[in-house]
Structures are given as C-alpha cells and as structure tokens.
Amino acid sequence: MAINNVNNGLPKTPVDNTKITQQNQTQQSQQQQATSNNASVAQAPRQDSVSLTQSAQQLNQVQKKGSEAPVNQEKVDRLKKAVSSGEYRVNPEVLANKIAKLEGEIFGRK
C-alpha cells in the first residue's frame, strides 16, 4: 500500500537545526545527570533494616525455649510405639481440660 500526499497539501516547514541541536544537548545533559545520580546512589552504602513485631519476637522466644527444653526420649519412644500399634487411648475430658488450661495461659485467663 502506497501513501500519497503525506503532507496533505500543506507547505513543508523548514527544519530549524538550532532547535534540534538544543534538544539533543538537553537530552544529553539529562542523561549525564541521571548517570551521575545513579553513580552516587550506587556508591552510597545501603542501610537496610528489619524490625520484628512484638508477636514475632514472642514467637522467637517460644521457639528458643522449645529447642532448649529437655526431651524424655524413652517416653517419646513408648508413646510412638503405643500410637503405631493402636494401643494409645485418649481421654477426651482430660484432653479438653488441658487445652482449656493452655489457652488460659496463652491468652492470660485463668
């Protein structure tokens, strides 16, 4: 497809070379400024920081305490064997009382 009469009958305006030169110089100076700004930012040491919420700090403390707690390996092995063989029985009333007590300790109720 050919395009005819691109200027739609309008007279061609002469190109102003000084204006084009000024625009090119402005673009070059902006690019140089951006480059120097990026270089100064890249040279400045980064100062990253992290802050933990109170809940995260408490969770971290609980995890540390849990990893430091002693483990009765004999009891663990006995319970594993009872669970795998189907001999372990759960008393629902005792379990419910323990859960309620734990929730009271966690949420501050007694």
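Everything numeric here is computed off the predicted structure, so don't read it as measured data.

Novice: Mind showing me how you'd approach the overall build of the protein chain here?
Specialist: If you tally the helices and strands in the protein chain, you get four helices and zero strands. Starting at the N terminus and walking to the C terminus, you meet the elements of the protein chain as α-α-α-α. Counting across all 110 residues of the protein chain, residues that qualify as buried make up 2%. In the structure as shown, the protein chain presents an accessible area of about 11300 Å², 52% of it carried by carbon and sulfur atoms.

Novice: So what exactly am I meant to see when it comes to the confidence of the model for the protein chain here?
Specialist: When pLDDT is low, close inspection of the predicted coordinates is not appropriate. Mean pLDDT over the protein chain: 81, with 76% of residues reaching 70 or higher. Element-level pLDDT for the protein chain is lowest in helix H1 (residues 17-43), with a mean of 73, against a maximum mean of 95 in helix H3 (residues 73-85).

Novice: For this particular structure, what's the right way to read H3?
Specialist: Each α-helix turn comprises 3.6 residues. Residues three or four places apart therefore point the same way. For H3, built from 13 residues, the straight-helix expectation of 18 Å at 1.5 Å per residue is met to within 8% by its first-to-last C-alpha distance of 18 Å. Phi turns positive, to about 85°, at Gly 86, one or two residues after H3.

Novice: What is the right way to read the pattern of salt bridges from this model?
Specialist: Where side chains of opposite charge bring their charged atoms close, a pairing between them can arise. What the rule picks out here adds up to one salt bridge. The partner of Arg 46 in a salt bridge is Asp 48, with the nearest N and O atoms 3.7 Å apart. When sorted by exposure, Arg 46 lands in the same class as Asp 48, which is exposed.

Novice: Got a minute to help me understand helix H2 (residues 54-68) in this structure?
Specialist: With 15 residues, H2 should reach 21 Å at 1.5 Å per residue; the first-to-last C-alpha distance of 21 Å fits that figure. Across the 15 residues that make up H2, only a small minority, zero, are buried.

Novice: Can you help me understand a positive patch on the surface in this one?
Specialist: Side chains of Lys 75, Arg 78, Lys 98 and Lys 101 sit close together on the surface and give a patch of like positive charge. Every element with two or more residues in the positive patch is listed here: H3 and helix H4 (92-107). One can find Lys 98 in helix H4. Residue classification places Lys 98 among the exposed residues on the basis of a relative accessible area of 58%.

Novice: What am I meant to see in a nonpolar patch on the surface here?
Specialist: A contiguous nonpolar patch, built from Leu 79, Val 83, Tyr 88, Val 90, Leu 95 and Ile 99 and spanning about 540 Å² of accessible area, is present on the exposed surface. Listed by contribution, the elements that provide at least two residues to the nonpolar patch are H3 and H4. Val 83 sits in the exposed class, given a relative accessible area of 54%.

Cut-off values and rules
- Residues numbered from 1 in each chain as written.
- Predicted model: local features only at pLDDT ≥ 70, side-chain atom pairs only at ≥ 80, totals over all residues.
- Heavy atoms only, no water.
- Helix = DSSP H or I, 4+ residues; strand = E, 2+ residues; numbered from the N terminus.
- Buried < 20%, exposed > 50% of the residue type's maximum accessible area, 1.4 Å probe, protein only.
- Areas by Shrake-Rupley, 256 points an atom, 1.4 Å probe, with all protein chains shown as cover.
- pLDDT = per-residue confidence, 0-100.
- Expected span 1.5 Å × (residues − 1).
- Salt bridge = Lys/Arg side-chain N within 4 Å of Asp/Glu carboxyl O.
- Patch = residues over 30% accessible without salt bridge, like charges linked within 9 Å, V, L, I, M, F, W, Y side chains within 5 Å.
- Lys, Arg positive; Asp, Glu negative; His and termini not counted.
- Charge placed at Lys NZ, Arg CZ, Asp CG, Glu CD.

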